[in-house]
Amino acid sequence: MKHLLKLSDLTREEILSILNLADQLKFERVNGVQKDYLKGKKLGLIFQKASTRTRVSFEAGIYELGGYGLFLSSNDLQIGRGEPVQDTARVLSRYLDGIMIRTFAQQEVEDLAKYGTIPVINGLTDYAHPCQVLADLMTIREYKGAFKGLKMAFVGDGNNMANSLTVGAIKTGMSFAIACPKGYEPDAKIMEWAKANGQFTVTESVEEAVRDADVIYTDVWASMGQESERQARAAAFSGYQVNADCMKAAKPDAMVMHCLPAHRGEEITEEVFEEHAKEIFDEAENRLHAQKAVMVKLLK
Ligand code: CP
Ligand code: NVA
């Protein structure tokens, strides 16, 4: 594994190996026995979109491993003024040991990896959010013990989260069902792959998707970059909400997950969110551990 561009690039074994290392790093941190696995290593963090969790967990994570993180806002980089990503990649490769990038087009992340000579980590694109899903898988395993036989249900937009969760669920042996309005399905190629490689359902019925689910996942109706579609999306997604009715249809011990930030009263009710806050914030914490594992794998 040279980069983390999208989950479909990783084998099941590579995913499990990251999760095992993440568990180990979490244990070491809790017990105060963490080593400087990345002493002196420098990771550039390019952000073309806002972030709370990704930025802070990467910066804190690289620091805890003995390395250094450079926050690089696209507002301040020449990339924001049109310098090509091919050139940025070749320049940053001369200074740094790795780059994390959050941007719009997946192609930009792929190009950064293609033209640079250092590992690239996708910190979210319109297409994928692999770091989030590694943390999600880690959290599911903590709560449920194993993946095989679990049903994960996603309620809402077939966005970057839905794409990456589909791949993560199928690769780890879970079944995956998404409820979304027509026209808002996940990426067509990912759905095709999921159907060929596991148990994947796409439906307009929330009730059908969440029936007997072990894990219920949701995300915002309008992602970053879709601000102008907010109104149209609010209309299309009304009814695609994780609420008490959903919870009745799922297994009694179903977990609820959200990558955050959450919009209470839209994709999830305040009541369900607060009832499952423990899982949701464990999930947010695990961003730190999962990404530390990714950094150790790629930069060490
Ligand atoms: N879940 C997530 O990626 O959060 P941020 O947008 O705050 O980084
Ligand atoms: N789908 C959301 C995820 C945020 C972490 C977005 O892209 O804005």
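What counts and how
- Residues numbered from 1 in each chain as written.
- Chains lettered and ligands numbered in written order.
- Predicted model: local features only at pLDDT ≥ 70, side-chain atom pairs only at ≥ 80, totals over all residues.
- Heavy atoms only, no water.
- Pairing = 2+ DSSP bridges.
- Helix = DSSP H or I, 4+ residues; strand = E, 2+ residues; numbered from the N terminus.
- Axes fitted to C-alpha atoms, helices over the stretch in contact; angles between N-to-C directions.
- Contact = heavy atoms within 4.5 Å.
- Buried < 20%, exposed > 50% of the residue type's maximum accessible area, 1.4 Å probe, protein only.
- Core = buried A, V, L, I, M, F, W, Y, C linked by side-chain atoms within 4.5 Å.
- Parallel < 35°, antiparallel > 145°, perpendicular 65-115°, else oblique.
- Left-handed = near helix turned anticlockwise from the far one by under 90°.
- Nonpolar A, V, L, I, M, F, W, Y, C, P; charged D, E, K, R; others polar.
- Near = heavy atom within 4 Å.
- Polar contact = N/O pair within 3.5 Å; in protein donor to acceptor, adjacent residues only side chain to side chain.
- Areas by Shrake-Rupley, 256 points an atom, 1.4 Å probe, with all protein chains shown as cover.
- 1 Å grid on protein atoms, 1.4 Å probe; cavity = no way out; pocket = protein on both sides within 12 Å on 5 of 7 lines; lining within 4 Å.
- Sits in = over half its atoms within 2 Å of the grid points.
- Phe/Tyr/Trp six-rings, centres within 6.5 Å; stacked < 30°, edge-to-face > 60°.

### Quick notes on the sheet that holds strand β1 (residues 42-47)
- Reading across from one edge, β2-β1-β3-β4 is the order of the four strands in this open sheet, with parallel pairing throughout. Here the strands that pair on one side only, and so sit at the sheet edges, are β2 (68-73) and β4 (120-122). Neighbour-to-neighbour, the strand axes of this sheet turn through a mean angle of 20 degrees, independent of strand direction.
- In terms of strand pairing, β1 meets strand β3 (residues 98-102) through five bridges, oriented parallel. Within the sheet, the bridge partner assigned to Ile46 lies in β3 and is Ile101.
- Packed onto the sheet, helix α4 (residues 106-115) meets β3 and β4 and runs at close to 165 degrees relative to β4.

### Quick notes on unusual backbone geometry
- The peptide bond linking Leu260 to Pro261 adopts the cis configuration, its omega dihedral lying at 5 degrees.
- Relative to the assigned elements, Pro261 resides in the loop between β9 (255-258) and α11 (270-275).
- Even without being a glycine, Leu124 presents a positive backbone phi close to 120 degrees.
- Position of Leu124 relative to the elements: it lies in the loop between β4 and α5 (130-144).
- Residue classification places Leu124 among the buried residues on the basis of a relative accessible area of 7%.
- Structurally, Leu260 can be placed in the loop between β9 and α11.
- For Leu260, a relative accessible area of 11% puts it in the buried group.

### Observations regarding the environment of Gly265
- Positionally, Gly265 belongs in the loop between β9 and α11.
- Distance in space between the C-alpha atoms of Gly265 and Gly183 is 23 Å, their sequence separation being 82 residues.

### Quick notes on the sheet that holds β9
- If you walk across this open sheet you meet the five strands as β7-β6-β5-β8-β9, and the pairing is parallel. Here the strands that pair on one side only, and so sit at the sheet edges, are β7 (200-203) and β9. In this sheet, adjacent strand axes meet at a mean angle of 20 degrees when their direction is disregarded.
- Running over the sheet, α5 touches β5 (151-155), β8 (215-218) and β9 and is turned about 165 degrees from β9.

### Let's talk about the side chain of Ser57
- Within the secondary structure layout, Ser57 lies in helix α2 (residues 53-64).
- By relative accessible area, which is 9% here, Ser57 ends up buried.
- Setting aside chain neighbours within four positions, we find Ser57 in contact with Arg287, Leu288 and Gln291.

### Structural notes on the nonpolar core
- Formed by 57 residues in total, the largest nonpolar core has its most connected members in Ile121, Leu134, Ile140 and Phe176.
- Beyond its immediate sequence surroundings of up to four residues, Leu134 is in contact with Leu4, Leu7, Ile15, Ile18, Leu19, Ala290 and Val294.
- Among the nonpolar cores identified, the runner-up in size contains 25 residues, and Ala179, Ala254, Phe273 and Ala284 belong to it.

### Description of the packing of helix α1 (residues 12-30) against α5
- Running from N to C, α1 and α5 point in directions that differ by 70 degrees, and their axes come no closer than 10 Å. The orientation of α1 with respect to α5, classified from their angle, is roughly perpendicular. The hand of the α1/α5 crossing is right-handed. Contact residues: α1 offers Ile15, Leu16, Ile18, Leu19, Asn20, Ala22, Asp23 and Lys26, while α5 offers Leu134, Leu137, Met138, Arg141 and Glu142.
- Looking at the contact of α1 with α5, its residues break down into eight nonpolar, one polar and four charged.

### Side note on the site of ligand 1
- Inspection of the region around ligand 1 gives Ser51, Thr52, Arg53, Thr54, Arg102, His129, Gln132, Cys259, Leu260 and Arg287 as its neighbouring residues.
- Within the side chain of Arg53, one N or O atom sits 2.8 Å away from an oxygen atom of ligand 1.
- Note that an oxygen atom of ligand 1 is positioned 2.7 Å from one of the side-chain N or O atoms of Thr54.
- When ligand 1 is considered free in solution it has 250 Å² of accessible area, and contact with the protein chains removes 96% of it.
- Given that more than half its atoms are within 2 Å of the pocket grid, ligand 1 belongs to the largest pocket.
- Across the shell around ligand 1, the residue classes tally to two nonpolar, five polar and three charged.

### Topic: the packing of aromatic side chains
- Across all of its chains, the model carries seven aromatic pairs by this definition.
- An angle of 40 degrees between the planes, with centres 5.6 Å apart, marks the rings of Phe47 and Phe71 as tilted. Note that Phe47 is positioned in strand β1 and Phe71 in strand β2, a separation of 24 residues in sequence.
- Residue Phe47 is classed as buried on the basis of its relative accessible area of 5%.
- A centroid spacing of 6.1 Å and a plane angle of 5 degrees characterise the contact between Phe176 and Phe200, whose relative ring orientation is stacked. Of the two residues, Phe176 sits in strand β6 (residues 175-179) while Phe200 sits in strand β7, which places them 24 residues apart along the sequence. The same class applies to Phe176 as to Phe200, namely buried.

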